[in-house]
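Coordinate inspection notes
As a plain string of letters, each chain reads:
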Amino acid sequence: MSQRITIALNGEEQPLPPDSSVGDLLSILGSDGKSVAVVVNDAIIRPENRSTHQLQQGDRVELLIFAGGG
Amino acid sequence: MDVLKLGSYTFSSRLILGTGKFSNSRVMLEAVRASGAQLVTVALRRFNRQQAEDDLFGPLSSIEGITLMPNTSGASTAAEAVRAAHIARELSGSPFIKVEIHPNPQHLMPDPIETFEAARILAKEGFLVMPYIAADPVLAKRLEEVGCASVMPLGSAIGSGQGLATSEMLNIIIRESTIPVIVDAGLRSPSEAAHAMEMGCEAVLVNSAVAAAGNPPVMAEAFAEAVAAGRKAFMAGLMEKSGSAVATSPLTFLGTY
């Protein structure tokens, strides 16, 4: 089995199996992804592209949701 | 019918509610329902596996007639606010964005230069830009000129409950503006909201006043009634003030004036 990769998830290191997609990452985190915005290296990854967008070693991934705010 | 017009959107409610600082999301949702608000603000936050239940998109979307207005809170530059707006639009599908750029957590006063720049860019991109600003008539005019959907000057500092401390400047902004003026921040009581509406504001945005009330849903309802009453009074036209007494009853029956 090939080496795991490490991404920066919301600023913290997150190991992942190689060839993981954005969709795989969301599954690992237990999110259905419906109300989560995904940003990889400053680019927004739309829902229709999440299963095909493969994450690379060192990618900066941000997951954002709506929370209370005024 | 008297409606609030923002871009191509119309709203019968003139109360905009913020969703921060509530003790829990159940109370917040009750308050949103009780307020009758049709435009509700939300903030972007990093997803946290442990706090997944904090996500408000689903619960808020389930309330009929609600349009989300995400804010750019957390941004301290125009570039960060533009980036936040893009992400927020992706999530909400709403064209509304409350541009909120306050670099100093001590007073939370909005940065006029970064706010202007972010608003200019986002309005050009087709967002319905609702900038949170100090009560500055010159800045308000400049924001109108670059295509903002409204201006949202503060009544007083965010969360301070100091009311309409800026009313003199608000009056100038209202008089000069051709886009809706919405008082955002600082209100504490429904009477202040009614006052803002009587002055000619097109709407008010409250959050802390409801969230930090003893009974938030009831306070939300009180604000809704006050905003409606204030609007009605504005539309009816307030009487002119007089420097001296003007009798409402005949003075000739018994008296010998």
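Residues numbered from 1 in each chain as written. Chains lettered and ligands numbered in written order. Predicted model: local features only at pLDDT ≥ 70, side-chain atom pairs only at ≥ 80, totals over all residues. Heavy atoms only, no water.

**Description of the overall build of chain A**
The line we're drawing: Secondary structure is summarised from DSSP: a helix means a run of H or I of at least four residues, a strand means a run of E of at least two, and numbering begins at the N terminus for each. For every residue, the accessible area obtained with a 1.4 Å probe (protein chains only) is divided by the maximum for its type, and the residue is called buried under 20%, exposed over 50%, and partly exposed between those limits. Whether two residues touch is decided by their heavy atoms; if any such pair falls within 4.5 Å, the residues are in contact. Method for areas: the Shrake-Rupley scheme with a 1.4 Å probe, in which residue coverage is limited to the protein chains shown. The convention is simple: Lys and Arg are positive, Asp and Glu are negative, and His and the chain ends are not counted. A charge is said to be at NZ when it belongs to Lys, at CZ for Arg, at CG for Asp and at CD for Glu.
A tally of helices and strands in chain A yields one helix and five strands. Going residue by residue from the N terminus, the α and β elements of chain A occur as β-β-α-β-β-β. Across the 70 residues of chain A, 46% fall into the buried class. When contacts within chain A are restricted to residue pairs at least 6 apart in sequence, those whose partners lie at least 24 apart make up 50%. Counting every atom, chain A has about 3600 Å² of accessible surface; 44% of that belongs to carbon and sulfur. Seen as two clouds, the 5 positive and the 9 negative side-chain charges of chain A have centres 6 Å apart.

**Some details on the packing of aromatic side chains**
All names here are of chain B. Our working definition: Note on ring pairs: Phe, Tyr and Trp rings are taken, using the six-membered ring of Trp, and paired if centres are within 6.5 Å. Classes follow the plane angle, with under 30 degrees stacked, over 60 edge-to-face and the rest tilted. Two conditions define a charge located above a ring, namely a distance within 6 Å from the ring centre to NZ of Lys or CZ of Arg, and an angle within 35 degrees of the ring normal.
Per the counting criterion, the structure on display carries three aromatic pairs over all chains. Ring centres 5.0 Å apart and planes at 75° place the aromatic pair Tyr-9 and Phe-96 in the edge-to-face group. With Tyr-9 in strand E2 (residues 9–11) and Phe-96 in strand E6 (residues 96–99), the pair connects residues that are 87 residues apart, well separated along the chain. Arranged with centres 5.9 Å apart and planes meeting at 55°, the rings of Phe-11 and Phe-96 form a pair that is tilted. With Phe-11 in strand E2 and Phe-96 in strand E6, the pair connects residues that are 85 residues apart, well separated along the chain. The two residues Phe-11 and Phe-96 agree in class, both being buried. Following the ring pairs from residue to residue traces out a cluster consisting of Tyr-9, Phe-11 and Phe-96. When the ring centre of Tyr-132 is taken as reference, the NZ or CZ atom of Lys-98 above it lies at 5.4 Å. Above the face of the Phe-116 ring, Arg-142 is positioned so that its terminal group lies 5.1 Å from the ring centre.

**As for the pairing of strand E10 (residues 203–206) of chain B**
Residues and elements named next belong to chain B. Rules: DSSP bridges decide pairing: two strands pair if at least two such bridges lie between them. Orient the strands so they point away from the viewer; a crossover is then right-handed if the path from the first strand over the helix to the second runs clockwise.
In E10, alternate side chains face the same way, and those of Ala-203 and Leu-205 on one face and Val-204 and Val-206 on the other are all buried. As paired strands, strand E3 (residues 15–18) and E10 are joined by three bridges and run parallel to one another. By the bridge assignment for E10, Ile-16 is matched with Leu-205. Crossover handedness for the path strand E9 (residues 182–184) to helix H7 (residues 190–199) to E10: right-handed.

**Remarks on the nonpolar core**
What counts is decided by this rule: In these notes, a set of buried Ala, Val, Leu, Ile, Met, Phe, Trp, Tyr and Cys residues joined through side-chain atoms within 4.5 Å is what counts as a nonpolar core.
Membership of the largest hydrophobic core comes to 69 residues, with the highest contact counts inside it found for Leu60(B), Val129(B) and Val204(B). Here this core gets eight residues from one element, more than from any other, and that element is helix H3 (residues 78–92) of chain B. Residue contacts for Val129(B): discarding those within four places in its chain leaves Ile97(B), Val99(B), Ala119(B), Leu122(B), Ala123(B), Cys148(B), Ala149(B) and Ser150(B). Core analysis: the second largest hydrophobic core is formed by 17 residues, Ile5(A), Val38(A), Leu63(A) and Ile65(A) among them.

**A short note on the state of the cysteines**
Residue and element names in this part refer to chain B. Test applied: To count as a disulfide, a pair of cysteine sulfur atoms needs to be within 2.5 Å.
Tallied over the entire structure, the rule returns zero disulfides over all chains. The thiol sulfur of Cys-148 is not disulfide-bonded, and the nearest other cysteine sulfur, from Cys-201, lies at 16 Å. A relative accessible area of 5% means that Cys-148 is categorised as buried.

**Remarks on helix H4 (residues 112–124) of chain B**
All names here are of chain B. What counts here: Expected helix span is computed as 1.5 Å times (number of residues minus one). N or O atoms within 3.5 Å of each other form a polar contact, as long as, within protein, one can give a hydrogen and the other can take it, and as long as residues adjacent in sequence are counted only when both atoms are side-chain atoms.
Along its 13 residues, H4 runs 18 Å from first to last C-alpha, staying within 8% of the 18 Å computed at 1.5 Å per residue. Looking only at H4, the buried set comprises Thr-115, Phe-116, Ala-118, Ala-119, Leu-122 and Ala-123. N-capping of H4 is provided by Asp-111, with a side-chain oxygen placed 2.9 Å from the backbone N of Ile-113. Phi turns positive, to about 100°, at Gly-126, one or two residues after H4.

**Things to note about the packing of helix H1 (residues 25–35) of chain B against helix H9 (residues 216–236) of chain B**
Residues and elements named next belong to chain B. Basically, it comes down to this: Every angle, taken between N-to-C directions, lies between 0 and 180 degrees, and every axis is a line fitted to C-alpha atoms, over only the stretch in contact when it is a helix. Any angle from 65 to 115 degrees is called roughly perpendicular, while one under 35 is roughly parallel, one over 145 is roughly antiparallel, and all others are oblique. By definition, any crossing whose near helix is turned counterclockwise from its far helix by less than a right angle is left-handed, and any crossing with a clockwise turn is right-handed. All residues other than Ala, Val, Leu, Ile, Met, Phe, Trp, Tyr, Cys, Pro, Asp, Glu, Lys and Arg, Gly among them, are scored as polar; the first ten of these are nonpolar and the last four charged.
Following both chains from N to C, one finds H1 and H9 inclined at 25°, their axes separated by 8 Å at the closest point. With respect to H9, the element H1 is oriented roughly parallel. Judged by the twist between their axes, the crossing of H1 over H9 is right-handed. For the pair formed by H1 and H9, the contact residues are Val-27, Glu-30, Ala-31, Ala-34 and Ser-35 on the first element and Pro-216, Pro-217, Ala-220, Glu-221 and Ala-224 on the second. The class makeup of the residues in the contact of H1 with H9 is seven nonpolar, one polar and two charged.

**What about the side chain of Thr72(B)?**
You can see Thr72(B) is positioned in the loop between strand E5 (67–70) and H3. Other than its neighbours up to four places away in sequence, Thr72(B) contacts Ala81(B), Ala84(B), Ala85(B), Ile97(B), Lys98(B), Val99(B), Glu100(B) and Ile101(B).

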